[in-house]
Each structure stands twice: as structure tokens, then as C-alpha cells.
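Architecture and fold: a report
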Amino acid sequence: MENNYYQVDYANEVTKLNAEKQELISFLKGNIKECDKDIKELSKNYNTYFRIVEDTKITKRTYQEVLDFVNKGGKDD
């Protein structure tokens, strides 16, 4: 009779672990899906923001070149 108790107890634990495993899998899949959705949404604006950053870098570089030119007394090297 004691053997049956341990077998039932073991089967219950295995069942419980499998249920918890399924919950974890569902949780992870749900979060992965949310991340995919966020990435897709953020990617829509990526090209716009990338272009703005690149344009700002060009503008900064132009200002820096003018500043360097003025600091040298208006003389090209």
C-alpha cells in the first residue's frame, strides 16, 4: 500500500511540474510575442529617426568646420 502512495504522490508531482512548465512556456511565448510587437512598432520609426540623427551629425560637422575655420582666423590650411 505504501508503494502505491509514493507512486500516486510521484505522479501528482510530475503532473504539477508539467502544468508549471506549460505555464512558464505560455508566459515566455506571450512575452516574446509582446517583444516582437514592440520591435515592429519601433522599427516603423527607425528610418525616420536614423535619418534625423544622420542629418544632425552632418549639421554638427558643418558647424564644427566653420568654427574651426573662424578660430584659425579665416585661413584655410
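Everything quoted here is computed from the prediction, not taken from an experiment.

**What about the overall build of the protein?**
Along its length, the protein carries 1 helix and 0 strands. Taken along its principal axes, the extent of the C-alpha atoms in the protein is 100 × 25 × 10 Å. The buried share of the protein, reckoned over its 77 residues, is 0%. When the accessible surface of the protein is split by element, carbon and sulfur atoms take 58% of a total near 7,600 Å². Here the protein contributes 13 positively and 15 negatively charged side chains, and the mean placements of these two sets differ by 8 Å.

**Observations regarding a nonpolar patch on the surface**
Taken together, the side chains of L24, F27, L28 and I32 present a nonpolar region at the surface, about 410 Å² in accessible area. Positionally, I32 belongs in helix α1 (residues 2-71).

**Topic: the pattern of salt bridges**
Taken as a whole and judged by the stated rule, the model has 4 salt bridges. Measuring nitrogen to oxygen at the nearest pair gives 3.5 Å for the salt bridge that ties E34 to K37. Of this pair, E34 and K37 both sit in helix α1, 3 residues apart, which is roughly one turn of that helix. Residue classification places E34 among the partly exposed positions, given a relative accessible area of 39%. The class for K37 is exposed, based on a relative accessible area of 51%. Two residues, K44 and E41, come together in a salt bridge whose shortest N-O distance is 3.2 Å. In this pair, K44 and E41 both sit in helix α1, 3 residues apart, roughly one turn of the helix.

What counts and what doesn't
- Residues numbered from 1 in each chain as written.
- Predicted model: local features only at pLDDT ≥ 70, side-chain atom pairs only at ≥ 80, totals over all residues.
- Heavy atoms only, no water.
- Helix = DSSP H or I, 4+ residues; strand = E, 2+ residues; numbered from the N terminus.
- Buried < 20%, exposed > 50% of the residue type's maximum accessible area, 1.4 Å probe, protein only.
- Areas by Shrake-Rupley, 256 points an atom, 1.4 Å probe, with all protein chains shown as cover.
- Lys, Arg positive; Asp, Glu negative; His and termini not counted.
- Charge placed at Lys NZ, Arg CZ, Asp CG, Glu CD.
- Patch = residues over 30% accessible without salt bridge, like charges linked within 9 Å, V, L, I, M, F, W, Y side chains within 5 Å.
- Salt bridge = Lys/Arg side-chain N within 4 Å of Asp/Glu carboxyl O.

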